[in-house]
Each structure stands twice: as structure tokens, then as C-alpha cells.
Amino acid sequence: QVQLVESGGGLVQAGGSLRLSCAASGRTFSSYRMGWFRQAPGKEREFVATISGSGGHTYYADSVKGRFTMSRDNAKNTVDLQMNSLKPEDTAVYYCAAVRGFSGSVAYTRGYDYWGQGTQVTVSS
């Protein structure tokens, strides 16, 4: 089992940047695929990005491709989401997620077993 704690959210103006971090407990972090999702008020939780256990493969939602970068440090049990060129529509609670081993649904909430409590990101226009 793994526990996830997000940090780094806040208020930023449109065009600005934020870096989110997710710290994971456990000794086998590299065996977990990690993901970032977000949920805006009144909307369903949506996929943002995912990274393989080794960090060698990433995949992004079209809405953030080219602006967001996901990375991980398996020595520190952390995964980050660098968010640049932020837009008001990026405003949401951002959640870190994890699944051990293979997931056939990496872009869907059902593809992950563990979730953090979320961190608020607000982008003002």
C-alpha cells in the first residue's frame, strides 16, 4: 500500500507557472505508475498526465500537452508536475494517483488504486 501527499498548489496569474509535488510512502515506489488528475467545481475528475515506474514514458492530456511536464525521482519517492503557461481553465483541485504494476486504463480514474487528498490550483485572469 502507498500513501500520497500533494503539495505546491496556490494562486497564480494567467501565464504563470506552478510546480506540484507528490510524496509517496513505501519502499517500492519505482514499481508504481503515477498519474495526475484534476477536478474543477461541478465537473468530473479528469486525466492530466501519467508516468511509468521507471520514468521513461510519459503521456499527457491534449489540454496540457506542451505546457505541463511530469517527472519522478524514485530515490526520493516523489513525482512532480511542472505547469507553465497556466490558463484560468486549469483551475482545479489536482490529485496525485498511483497503481502498482500494469494498468490498462492509465488515462482514467479506474486505472489507479491510490489517491492523495488533492491540492488547489487557482489561475486568475
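Since the structure is predicted, the reported quantities are computational estimates derived from the model, not experimental observations.

**Q** Even after reading the chapter, I still don't get the state of the cysteines, so can you show me in this structure?
**A** For the structure on display, the rule yields 1 disulfide. Disulfide pairing places cysteine 22 opposite cysteine 96 at an S-S distance of 2.1 Å. Here cysteine 22 and cysteine 96 share a disulfide; its torsion about the S-S bond, -80 degrees, makes the bridge left-handed. With cysteine 22 in strand E3 (residues 18-24) and cysteine 96 in strand E9 (residues 92-100), this residue pair connects regions lying 74 residues apart in the sequence.

**Q** Help me understand the nonpolar core in this model?
**A** Nonpolar side chains in soluble globular proteins tend to end up buried together. Ranked by size, the top nonpolar core spans 36 residues in total, and within it Met34, Trp36, Met70, Leu81, Met83 and Tyr94 carry the most contacts. Of all the elements in the fold, those that place two or more residues in this core are E3, strand E4 (32-39), strand E5 (46-51), strand E7 (68-73), strand E8 (78-83), E9 and strand E11 (119-124). For this core, the leading source of residues is E9, giving 6 residues. The residues contacting tyrosine 94, other than those within four sequence positions of it, are Glu6, Leu20, Trp36, Phe37, Arg38, Val48, Phe68, Leu81, Met83, Gly118, Thr119 and Val121.

**Q** Looking at this structure, how should I read the pairing of E11?
**A** If a strand is regular, its side chains alternate between the two faces of the sheet. Burial along E11 is one-sided: the face carrying Thr119, Val121 and Val123 is buried and the face carrying Gln120, Thr122 and Ser124 is not. Sheet topology places strand E2 (residues 10-13) next to E11; 4 bridges connect them, and they run parallel. Across the sheet, leucine 11 pairs through a bridge with threonine 122, a residue of E11. With 3 bridges joining them, E9 and E11 adopt antiparallel strand pairing. Along E11, the bridge assignment pairs alanine 92 with valine 121.

The rules behind each value
- Here, residues in each chain are numbered from 1, in the same order as that chain's written sequence.
- This being a predicted model, a pLDDT of at least 70 is required before a residue's local features are given, and a value of 80 or more before pairs of side-chain atoms are given or counted; all residues contribute to the totals for chains, interfaces and linings.
- With hydrogens and water excluded, all non-hydrogen atoms of the structure serve as input to the side-chain values.
- Note on disulfides: each one is a pair of cysteine sulfur atoms within 2.5 Å.
- The helix count covers DSSP runs of H or I at least four residues long, the strand count covers runs of E at least two residues long, and both are numbered beginning at the N terminus.
- Here the nonpolar core consists of buried residues drawn from Ala, Val, Leu, Ile, Met, Phe, Trp, Tyr and Cys, with membership extended through side-chain atoms lying within 4.5 Å.
- Each residue gets one of three labels from its accessible area relative to the maximum for its type: buried under 20%, exposed over 50%, partly exposed in between, using a 1.4 Å probe on protein chains only.
- A contact between two residues is defined here by any heavy atoms of the two lying within 4.5 Å.
- DSSP bridges decide pairing: two strands pair if at least two such bridges lie between them.

Fair warning: the whole summary comes from geometry, so function is off the table for now.
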